[in-house]
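Tertiary structure, described
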Amino acid sequence: MSRYTALAPADREAMLAEIGVSSVEELFAAIPAELRLERPLDLPQGMPEQDVFAHLRELAERNVSCDDELSFLGGGMYDHYVPALVDMLMSRSEFLTPYTPYQPEISQGGLQVMFEYQTAICELTALPVSNASVYEGPTALASAGYLARLAGGEGRFVVSAGVHPHSLETLRAYARGFGAEVAVVPLRDGVTDLGAWREAVDGATAAVFFQNPNFLGAVEDAQALAAVEGPVVVAAYDPIALGILKPPGECGVDVCVGEGQPLGNRLDFGGPSFGFFAAREEYLRQMPGRIAGETVDVDGRRGFVLTLQTREQHIRREKATSNICTAQALNALAGVVYLSWLGRRGLVELAELLLQRTHYARETLCAIDGVEPLHTQPVIREFAVRLPAPVAEVVERCATRGVNPGLALREENALLVAITEQRSRADIDRLAEVLREAVAA
Amino acid sequence: MSALSDTRTGARDGRPPGGTGARPLAETAQQRERARTIFEKGAPGRRAFEPPALDVPRVDPDRLLPQRFRRSEPARLPEVSEPEIVRHYVNLSKRNFDLDSGFYPLGSCTMKHNPRLHERVAGLAGHARLHPFQHPGRAQGALELMWRLERALSEISGLPHVSLQPSAGSHGELAGVLLSRAYHEDRGETRTKVLTPDTAHGTNPATVAMAGLEVVKVGTSPDGGVDLDDLRAKADESVACLMLTNPNTLGVFDSNIREIADIVHGVGATLYYDGANLNAIMGITRPGDMGFDIVHFNLHKSFTQPHGGGGPGSGPIAVSDRIEPYLMTPRIVRLEDGSFDLREDGYPKSIGRLRGFQGNYGCFVRAYAYICSLGAEGLRDASETAVLNANYLMARLRAVARYLPPAYERTCMHEFVLSGAPMKRELGIKTLDLAKRLLDHGFHPPTVYFPLLVEEALLIEPTETETRETLDAFADAIRAILAEAEEDSEIARAAPYTTPVRRLDEAGAAKRPVVRQALPAADGS
Ligand SMILES: Cc1ncc(COP(=O)(O)O)c(C=O)c1O
């Protein structure tokens, strides 16, 4: 008997008697003998709680986390400070342990959180509709591809090379399934080559995809990229950068998606986080995932329900707008709590601070002999520099001094360096010092 | 006198529902207060966040980011203090029912207890604060954990290769159908159809469509298994795959699985196992041994992740040797020196990547901790107890079979289906009404109206972590509701009465969708 089951031998006896069988074995009679596993699973013996804890702690100690080094890693997930109230609210049983709010009368808490979350995402993106979350950033982008396929027909996808490589790969894998061709438009001095972009988009283009700021940290000219006639315009945005960037809804973007991790979610080695998904009104009925809507109960009291469910797999089956069922509700809760914590002015102040520190960091690193900017575009929270020494070796040398200088971009022999509010000027100066010695070594 | 009146206990909330057209007690100011959103609270100038001081030389922001790229007005986020945020969300949380407080027999969802140990270990900085782009050499603990979890899932499923990447069950399904397609295409075959039983979960057909294939439904035999004749008639060279759950969504183990596998493999198709129901068979039988080529796990179900109000989840897949070349990248490899690496290159036939980074690692930590706690014996015990609990509850509900007969008169696995058709006919209350009245008794209702095959279906999955007393209390509540309905069926039809809100106008919500809070313009007008 394991510690998570609660039947004593006497319970089992009584229950078997009630069922009318003499052993648990009889309950499995439908499983043919030749399919039975006639041995125990080849797994280690079960362990008491304290031993499991010790084992998992030992594994944790063999990872170098952002607590263990001065890290400038980014590339889609960022080491922002997560306020204590997020942890506290996420660990409340009432948010942590229910499932999808299929019974709205006893799920008003979760449903209202979804409604508030959707409102926050609509405000960030200046788009009128948002769903209640999808898995994470890259799948959000790929799901927008499926929306474009349902809404816009069979044409091809034109994708900026500035889209996160994981998003591009995910979109490719999804598109191979539903049958859309993917054409990639290269970058020029760090941003999407506008000439090539306009040339690539034609009457047979179902959708275009770009990212802002793009994977190299550069701010794209969203309005110019969105000014294409015909296709669904999909853009992936960094939600923190949206504190100061012109919102996609004002730039002509039809569907805005993104990785939600920067909003109050842990790094967790890549997940779980959440993907956000907002769109123009006309795409409301093609959105993937859950959507909470406001309504009233029989007594006229305000309440919330899952709405427009005729889009979803449990009703529409093969005609559904997506196959998603379990999404990322708890992570989206962290997102809206975090945004409330930052507040109207705080998000702007945070983004402005990153803008200043990132500029300082870029200048400081580029003052190192042989280190050059990979591009000269405006950046908000992340930038790329080319190194005069092999990047993999430089990263290793820095690591021995407790500094993780950023993500190695091997093809360009460059480093992608991310700044958060947790990286002070002193930290940036230390990075510069360690990097200077590492490239000179 | 009613046949059930001896068991009648009435509503437990301490106040009689009051019969036809019952109104709850008058709404208090406090209740109204809670229905305001965070956007309707606070006041200009309030704040919780204090930014760090600007410690670098300030440069004119217009020089750093040209005006034309800037937003003109801040996003209209709430302006609230920390105490307001805490109070708002804590009060909201109290308007949720949750597994920690009560029985949640939501069929097909495996709402088993979530050990708090898992939250503690997942929260350790070495796991929680590990950046996904950390160099593999400095993430050895994480990679080893993932590798060990892969090996455990391989052993549990009886299939040699595992990818942890998919984000949830339906994402695992998409991986599986894409893999199946890639497998056939690599052999120069274009197969366009996927067979799914009419008992299948909605994610199965939705996935097939997303993968660009066509759904063909297969019927169910009178004993609840796949209709073999129908399968034979539909299985041909145009079929890429059959997607199956076993036990299926009726709670029935399909004893013909070997024959099904032979039919499917006989036409060169693959067999896909929807692992949502794995909780019935861990350590007892294995999908790989049944003949399945691809399996997805719902770590949030069988391996107990907190469901988070609708996620996160995690949906790893396990595959056979012939599917392995197409598996997603990156893959975790164990090197000769015993260290671990993430590898992207060297898999020319891979379908690529289906999401960012390595998957929902936080869920891997919890699932791995669970497997460490239970071990082989504990996993088997979990499944045996889940099946025992389900059969016991089904037996306890035999007393109401007149109104709620089991859809299939046979031993069930970890869940079972009742049909509310006689109840609807004889008492005039639908499955939905029964579910709503259960809310007043303090229970989360079972899954309702699924599987679609059964009229007025109730899919009940008690899980292994519930006590006999809880199962008894649930059975008693159902009996009480039916007895009450014999006297006055309007009570159930207008239920619930004790919940924060009562029945909501869902049709109205869909007709005039309000999906966000309307906010005043930034200037306050
Ligand atoms: C039988 C079955 N298959 C597939 C799924 C989909 O799993 P998920 O919600 O993890 O995507 C579910 C669950 O909700 C299910 O019950």
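These numbers come from a predicted model, not from an experiment.

Here we look at the overall build of chain B
Across its full length, chain B holds 18 helices and 12 strands. Here chain B has a C-alpha radius of gyration of 26 Å; the compact-globule value for 525 residues is 24 Å, and the two agree. Along the first, second and third principal axes, the C-alpha atoms of chain B reach 75 × 70 × 45 Å. Counting all 525 residues of chain B, 67% fall into the buried class. Of the accessible surface of chain B, which amounts to about 17,200 Å², a share of 47% is contributed by carbon and sulfur atoms. If the 62 positive side-chain charges of chain B are averaged to one point and the 68 negative ones to another, these points end up 6 Å apart.

Brief notes about the overall build of chain A
Helix and strand counts for chain A come out as 14 helices and 17 strands. Taken over the C-alpha atoms alone, chain A extends approximately 80 × 50 × 50 Å along its principal axes. Expressed as a percentage of the 441 residues in chain A, the buried residues total 68%. A separation threshold of at least 6 residues defines the contact pool for chain A, and within that pool the share at least 24 residues apart is 70%. Total accessible area on chain A is roughly 13,700 Å²; 49% of this is exposed by carbon and sulfur atoms. Charged side chains in chain A number 37 positive and 59 negative. The centres of these two groups are separated by 2 Å.

Some remarks on the site of the ligand
By nearness alone, 15 residues border the ligand, and T326 of chain A together with S108, S170, D274 and K301 of chain B come closest of all. Nearby residues around the ligand are contributed by chains A and B. T326 of chain A is positioned with one of its side-chain polar atoms (N or O) 2.5 Å from an oxygen atom of the ligand. Note that an oxygen atom of the ligand is positioned 2.4 Å from one of the side-chain N or O atoms of S108 of chain B. Within the complex, the protein chains bury 99% of what would otherwise be the 390 Å² of accessible surface of the ligand. Of all elements in the fold, only helix 7 (169-186) and helix 12 (299-302) of chain B reach the threshold of two or more residues within the shell around the ligand. Residue composition of the shell around the ligand, by class: 4 nonpolar, 8 polar and 3 charged.

A few points about the pattern of salt bridges
Scanning the model with the defined rule gives 64 salt bridges over all chains in all. Residues R116 of chain B and D100 of chain B are paired through a salt bridge, measuring 2.4 Å at the closest nitrogen-oxygen approach. One end of the pair, R116 of chain B, is in helix 4 (residues 116-122); the other, D100 of chain B, is in the loop between helix 3 (82-93) and helix 4, with 16 residues separating them in the sequence. Among the residues examined, R116 of chain B registers a relative accessible area of 33% and is labelled partly exposed. Linked through salt bridges whose partners overlap, the residues forming this network are R39 of chain A together with E155, R286 and D289 of chain B.

Brief notes about the packing of aromatic side chains
For any two aromatic rings, the description comes down to two numbers: the centre-to-centre distance and the angle of the planes. As enumerated under the stated definition, the model contains 23 aromatic pairs over all chains in all. Judged by centre distance (5.5 Å) and plane angle (80°), the ring pair of Y117 of chain A and F274 of chain A falls under edge-to-face. With Y117 of chain A in helix 6 (residues 108-125) and F274 of chain A in the loop between strand 9 (255-259) and strand 10 (275-279), this residue pair connects regions lying 157 residues apart in the sequence. One exposure class covers both Y117 of chain A and F274 of chain A, and it is buried. Three or more aromatic residues link up through ring pairs in this structure, and these residues are Y4 of chain A together with F297, F303 and Y370 of chain B.

Let's talk about the interface of chain A and chain B
In this assembly, 188 residues from chain A lie in contact with 209 residues from chain B. Carbon and sulfur atoms supply 60% of the area buried between chain A and chain B, which totals about 17,600 Å² over both sides. Where chain A touches chain B, the interface holds 18 salt bridges. D221 of chain A serves as the salt-bridge partner of R68 of chain B, at 3.1 Å between the closest nitrogen and oxygen. Remark: the boundary between chain A and chain B carries 112 residue pairs in polar contact (both at pLDDT 80 or more). Per-element accounting of the side of chain A that touches chain B gives the leading share, 25 residues, to helix 12 (residues 329-366) of chain A. Looking at side-chain class alone, the side of chain A that touches chain B contains 95 nonpolar, 50 polar and 43 charged residues.

Thoughts on the sheet that holds strand 5 (residues 270-275) of chain B
All names here are of chain B. Read across the sheet, 7 strands follow the order 1-7-6-5-4-2-3 without closing on themselves; strand pairing throughout is mixed. Looking at strand neighbours, the two that pair on one side only are strand 1 (161-163) and strand 3 (214-218), the edges of this open sheet. Averaged over all pairs of adjacent strands, the angle between strand axes in this sheet comes to 25°, irrespective of strand direction. Pairing analysis gives 4 bridges linking strand 4 (residues 239-244) to strand 5, with the strands arranged parallel.

Overview of the domain arrangement of chain A
Residue and element names in this part refer to chain A. Structurally, chain A comprises domain 1 (70-81 + 346-440) and domain 2 (84-337). The centre of domain 1, based on its C-alpha atoms, is set 28 Å off from the matching centre of domain 2. If you look at the interface, domain 1 gives 28 residues, while domain 2 gives 26 residues. Interface area for domain 1 against domain 2, summed over the two sides, is near 2,100 Å², with a carbon-plus-sulfur share of 68%. When the buried area of domain 1 at its contact with domain 2 is split by residue, M77, L347 and I380 rank highest and sum to 29% of it. Our count for the domain 1 to domain 2 interface comes out at 1 salt bridge. D238 is paired through a salt bridge with R381; the nearest N and O atoms lie 2.4 Å apart. Between the two partners, domain 1 and domain 2, sit 7 residue pairs in polar contact (both at pLDDT 80 or more).

Conventions and cut-offs
Residues numbered from 1 in each chain as written. Chains lettered and ligands numbered in written order. Predicted model: local features only at pLDDT ≥ 70, side-chain atom pairs only at ≥ 80, totals over all residues. Heavy atoms only, no water. Helix = DSSP H or I, 4+ residues; strand = E, 2+ residues; numbered from the N terminus. Rg over C-alpha atoms; globule rule 2.2 N^0.38 Å. Buried < 20%, exposed > 50% of the residue type's maximum accessible area, 1.4 Å probe, protein only. Areas by Shrake-Rupley, 256 points an atom, 1.4 Å probe, with all protein chains shown as cover. Lys, Arg positive; Asp, Glu negative; His and termini not counted. Charge placed at Lys NZ, Arg CZ, Asp CG, Glu CD. Contact = heavy atoms within 4.5 Å. Near = heavy atom within 4 Å. Polar contact = N/O pair within 3.5 Å; in protein donor to acceptor, adjacent residues only side chain to side chain. Nonpolar A, V, L, I, M, F, W, Y, C, P; charged D, E, K, R; others polar. Salt bridge = Lys/Arg side-chain N within 4 Å of Asp/Glu carboxyl O. Phe/Tyr/Trp six-rings, centres within 6.5 Å; stacked < 30°, edge-to-face > 60°. Buried area = accessible area lost by both parts, 1.4 Å probe. Pairing = 2+ DSSP bridges. Axes fitted to C-alpha atoms, helices over the stretch in contact; angles between N-to-C directions. Domains from an automatic or database assignment.

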